[in-house]
Amino acid sequence: MGERNHQKESNERQTPDSIQKPGATANATNNTDSKSPYLVMPFLIFLVTCFILRALGTLGVETVDSWHTSVRVALAVMFIFTSTTHFTSNRDALVRMVPHSVPYPKQVVTVTGIAELVGAVGLLWPVTDRIAGFGLAALLVVLFPANIVAVRNEVAIHGKPPTPLWIRLPIQLVWIASLLWVTW
């Protein structure tokens, strides 16, 4: 039975109808402007949170009075945000991004969402921040092939085209470097 469920999920990912093309709409109320600049929301959340925390630190909030702490907390906030997408309306797109060689894509999306959430919380605890940082950095490396699948198969999220790899790869590298820096 597990084999049949895997085959069914694999077939669901491979159907051309399940792949949104850039400029296509998921439904009649979702307008897409394929010429709009690419905005990687998690990266924006990371940057805004980091700079707000640094501003608060500059104003005298001691818990965020260093770049090190601000970046660590901003990473946690960003990973909390990204973990929630594994359980919302983006879930179907994330399942379609799982490489076909990986079995049980729905379960993989669930497990990686939980791992991101646990890692985010782990970044906030001094006892666990190092293992959480290394774990999240490894997770980013392991999950990068999903971004390649998204670009190759033009998997849209909310009707928006996938982020091109020439944008996505440097962002992933910034996150990995930041995770290693704050937990080293």
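From a predicted model like this one, the values you see are computed outputs, not experimental measurements.

Quick word on the nonpolar core
Generally speaking, nonpolar side chains in soluble globular proteins are found buried as a group.
Argument step 1. Ranked by size, the top nonpolar core spans 22 residues in total, and within it Phe46, Leu75, Phe79, Leu123, Trp175 and Leu179 carry the most contacts.
Argument step 2. Of all the secondary structure elements, the ones that give two or more residues to this core are α2 (41-58), α3 (67-84), α5 (105-123), α6 (129-152) and α7 (165-183).
Argument step 3. The contacts of leucine 179, once residues within four sequence positions are left out, are Leu75, Phe79, Leu123, Gly133, Leu136, Ala137 and Leu140.
Argument step 4. Residues Leu94, Val95, Val109 and Ala146 belong to the second largest nonpolar core, which totals nine residues.

Focus: α6
Argument step 1. Over its 24 residues, α6 runs 35 Å from end to end, which matches the ideal 34 Å to within 8%, given 1.5 Å per residue.
Argument step 2. At leucine 143, α6 shows its maximal kink, close to 35 degrees; a proline, proline 145, follows between one and four residues later.
Argument step 3. When we look at burial in α6, the residues that qualify are Asp129, Ala132, Gly133, Leu136, Ala137, Leu139, Leu140, Phe144, Ala146, Asn147, Val149 and Ala150.
Argument step 4. Contacts from the buried residues of α6 go to α3, α4 (91-97), α5 and α7.

A closer look at the confidence of the model for the chain
Argument step 1. For the chain, the average pLDDT comes to 84, and 79% of its residues sit at 70 or higher.
Argument step 2. Within the chain, no element has a lower average pLDDT than helix α1 (residues 2-14), which sits at 46, and none a higher one than α5, at 98.
Argument step 3. Taken as a whole, residues 1-12 scores under 50 in pLDDT and shows 11 contacts with residues more than four places along the chain or in a different chain.
Argument step 4. Every residue in residues 14-37 is under pLDDT 50, and counting partners more than four places away or in other chains gives 29 contacts.

Concerning the packing of α2 against α3
Argument step 1. Two numbers describe how α2 lies on α3: the axes approach to 8 Å, and their chain directions differ by 145 degrees. The chirality of how α2 crosses α3 is right-handed. When α2 is examined against α3, the residues Met41, Pro42, Ile45, Phe46, Thr49, Cys50, Phe51, Leu53 and Arg54 are found in contact with a partner set consisting of Trp67, Ser70, Val71, Val73, Ala74, Leu75, Val77, Met78, Phe81 and Thr82.

Overview of the layout of surface pockets
Argument step 1. Within this model, the largest pocket holds a volume of roughly 1100 Å³.
Argument step 2. Surrounding the largest pocket, 43 residues form its lining, Leu94, Met97, Asn147, Ile157 and Arg168 being those nearest its centre.
Argument step 3. For the lining of the largest pocket, the leading source of residues is α6, giving nine residues.
Argument step 4. Here the residues of the lining of the largest pocket sort into 30 nonpolar, 10 polar and three charged.

Here we look at a nonpolar patch on the surface
Argument step 1. A cluster of nonpolar side chains, Met41, Leu44, Val48, Ile52, Leu56, Leu59 and Val61, forms an exposed patch at the surface whose accessible area comes to about 600 Å².
Argument step 2. Looking at the element boundaries, valine 61 is found in the loop between α2 and α3.

Reading the values: the criteria
Residues numbered from 1 in each chain as written. Predicted model: local features only at pLDDT ≥ 70, side-chain atom pairs only at ≥ 80, totals over all residues. Heavy atoms only, no water. Core = buried A, V, L, I, M, F, W, Y, C linked by side-chain atoms within 4.5 Å. Buried < 20%, exposed > 50% of the residue type's maximum accessible area, 1.4 Å probe, protein only. Helix = DSSP H or I, 4+ residues; strand = E, 2+ residues; numbered from the N terminus. Contact = heavy atoms within 4.5 Å. Expected span 1.5 Å × (residues − 1). Bend = angle between axes of the 7 residues up to and from the residue. pLDDT = per-residue confidence, 0-100. Axes fitted to C-alpha atoms, helices over the stretch in contact; angles between N-to-C directions. Left-handed = near helix turned anticlockwise from the far one by under 90°. 1 Å grid on protein atoms, 1.4 Å probe; cavity = no way out; pocket = protein on both sides within 12 Å on 5 of 7 lines; lining within 4 Å. Points joined across faces, edges and corners; volume = space filled by probe spheres on them. Nonpolar A, V, L, I, M, F, W, Y, C, P; charged D, E, K, R; others polar. Patch = residues over 30% accessible without salt bridge, like charges linked within 9 Å, V, L, I, M, F, W, Y side chains within 5 Å. Areas by Shrake-Rupley, 256 points an atom, 1.4 Å probe, with all protein chains shown as cover. Salt bridge = Lys/Arg side-chain N within 4 Å of Asp/Glu carboxyl O.

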